[in-house]
Amino acid sequence: MKEEEILQSEQSATAEKDAVDRAFGAENRNRLIDRYFDTSASDGITSTNAWQHVYRLLLWSDPTTGLAHCYESDKSQPGKPWYARSLAFHEWVCSELGTEPDALGHEIDWLFIRACTDLAEAMLRRESRLTEVAAEQRLPYQNRGFPEPGADPELAAIIQDALRPYLAQEPQEEIWRAVTQRVRQFLAVQNKRKNLVGEGFEDVLAQVVRRACDVHEASVRTRSLLYEIPGFNRARQGGKENKVDLAVIRPSMRTLVTAKWSVRADREKQFPTEYDEYINAESESRKFQYVFVTNEFDPARLMRACENLHRNSLMFDYVVHINTNAVRATYGDLSRVRDSAGSSRRRVIEHIDAGRLISLEQWLAALSDQ
DNA sequence: ATACCAGGGGCTACTAGGGG
DNA sequence: CCCCTAGTAGCCCCTGGTAT
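Starting afresh in each chain, residues are numbered from 1 along the sequence in its written order. Here chains are named by letter from A upward and ligands by number from 1 upward, in the order in which they appear as written. Only residues with pLDDT of at least 70 get local features here, since the model is predicted, and only at 80 or more are side-chain atom pairs given and counted; chain-wide, interface and lining totals rely on the full set of residues. With hydrogens and water set aside, each side-chain value is computed from the structure's full complement of heavy atoms.

As recorded in an unreviewed UniProt entry, chain A goes by the name Restriction endonuclease, listed as coming from Rhizobium esperanzae.

Take a look at the structure:
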């Protein structure tokens, strides 16, 4: 489908649908994901191409480097070690998706870009009411020289300094207010991404499993309460309700998935606790699988996920990365890296070679066979 | 002594969704 | 309708180890 047709069908879809109140909410997220799969991926989702759709939907380019995001941006700045790895990752993604390096940003990030459009519309709808209220709120302080909302003299000064030679005249104060407000909004938008990528990752994975493995809609659940999954009891009283990121329920096997686009230390500590709760709640005395799906690139975190033991056996049945070839490409050639600096990256590669750390493709294939 | 790097702790911004 | 909580991931900054 041509870009214009996609845009057109999107616009009509937006027009048909009534205004979206919660742009990042579960309902709108799934509406958008459905639309993506219907328009951009109509030729079918397979275990082999699933990773491409995950990246097209969720991967983004880091605005500070312009590169596909594979690691925290403070460590990916030019001159730092992860800049080189980000460059390598960027090249890998571009060549695999068949995109030029300067065009990747528009090829990916589908979900966030669409959700932001909805968010902007929702904000616009609320804006007039807010300005009305604001005028009322400011009324008692009229004519006393109170600061105008949105004014940011320091930011304005930076812009003015840089552009001074090109300015034919001094911009008016309202202009500065409008400009600084827009800059702030522009920067703030990136902060909202994390609200989408977390649960959005679970939603996308659920859709991918349904479509690529031909699993029935109801058998793939996101954020399901543990006791609503067959063969798991309600937790003892007092304990707070436990939600499972993603559950794939079939007669042959129940698979409980913890899905994290990337991992933080404190979340990592919760894995064994959650696993314990799952084990305690299990009521059919049948094996269930505990699976970790991630797009993390940090070698230490990946290594721990692969190696962590629970009561002396591996905690995760599968440790799944969206694409382990991306990990290989990002780490690059480790043969000349001195041992201490590259040891964890080398260990991760060994886990890939050994089949301990697998790709989404391999996991989907394994699911299909169950 | 210095510079650099990997790793990690704690905090931030933000939103959805539930309850009063 | 407002307030509060839970939960997401990234950002800022510190620490300890290692090579120079």
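There's more to say after this.
> Would you mind going over the protein's contact with DNA strand C with me for this structure?
Being near a molecule or strand, for a residue, means having at least one of its heavy atoms within 4 Å of it. Near DNA strand C, the surroundings consist of 16 residues, among which Ser73, Lys194, Ser262, Arg267 and Arg338 are the closest. Put simply, 65% of the atoms of DNA strand C that lie within 4 Å of the protein are in sugar or phosphate. Here a polar contact means two N or O atoms within 3.5 Å. Within protein one must be a hydrogen donor candidate and the other an acceptor candidate, and residues neighboring in sequence count only if both atoms are side-chain atoms. The contact in question runs from a phosphate oxygen of DNA strand C to an N or O atom on the side chain of Ser73, over 2.8 Å. Within the side chain of Ser262, an N or O atom sits 2.5 Å from a phosphate oxygen of DNA strand C. Three classes are used: nonpolar for Ala, Val, Leu, Ile, Met, Phe, Trp, Tyr, Cys and Pro, charged for Asp, Glu, Lys and Arg, and polar for all others, with Gly counted as polar. Along the lines of polarity and charge, the residues of the surface near DNA strand C split into 3 nonpolar, 6 polar and 7 charged.

> Would you mind going over the environment of Leu225 with me for this structure?
Position of Leu225 relative to the elements: it lies in strand 1 (residues 220-225). Under the relative-accessibility criterion, Leu225 is labelled buried at 18%. With 18 residues separating them along the chain, Leu225 and Lys243 place their C-alpha atoms 4.5 Å apart. Here a strand is any run of E in DSSP of at least two residues, a helix any run of H or I of at least four, and the numbering for each starts at the N terminus. Exposure categories follow from relative accessible area, calculated using a 1.4 Å probe and restricted to protein chains: below 20% of the type maximum is buried, above 50% is exposed, and the middle band is partly exposed.

> I keep staring at the layout of surface pockets and nothing clicks. Help me out?
Any space left empty among the atoms is revealed by the rolling of a water-sized probe across them. Within this scheme a cavity is a closed region of a 1 Å grid, computed over the protein atoms alone, that accommodates a 1.4 Å probe without allowing it to escape, whereas a pocket is open but has protein on both sides within 12 Å along at least five of seven lines; lining residues each have an atom within 4 Å of a point. Grid points are joined across faces, edges and corners, and a volume is the space filled by probe spheres set on the points. As a volume, the second largest pocket reaches approximately 1,100 Å³. Elements that contribute at least two residues to the lining of the second largest pocket include exactly helix 6 (110-138) and helix 8 (173-191). Residue composition of the lining of the second largest pocket, grouped by class: 17 nonpolar, 6 polar and 9 charged.

> Mind showing me how you'd approach the packing of aromatic side chains here?
Each aromatic ring pair is summarised here by two numbers: the centre-to-centre distance and the angle between the ring planes. Geometry of aromatic contacts follows a simple scheme: Phe, Tyr and Trp rings, the Trp one being its six-membered ring, pair when their centres are within 6.5 Å, and the pair is stacked under 30 degrees between planes, edge-to-face over 60, tilted otherwise. One pass over the structure, following the stated rule, counts 20 aromatic pairs. Here Phe271 and Phe316 contribute two aromatic rings whose centre-to-centre distance is 5.5 Å and whose plane-to-plane angle is 75°, an arrangement assigned as edge-to-face. Note that Phe271 is positioned in helix 10 (residues 265-281) and Phe316 in the loop between strand 6 (313-314) and strand 7 (318-321), a separation of 45 residues in sequence. Residue classification places Phe271 among the buried residues on the basis of a relative accessible area of 3%. When its relative accessible area of 1% is taken as the criterion, Phe316 is described as buried. Through successive ring pairs, a cluster of aromatic residues spans Trp51, Tyr55, Trp60, Phe89, Trp92, Phe201, Trp261 and Phe297. Comment: the charge-over-ring label is applied if NZ (Lys) or CZ (Arg) is within 6 Å of the ring centre and within 35 degrees of the ring normal. A cation over a ring is seen here: Arg85 above Trp82, with NZ or CZ 4.8 Å from the ring centre. Residue placement shows Arg193 over the ring face of Phe112; its charged tip is 4.0 Å from the ring centre.

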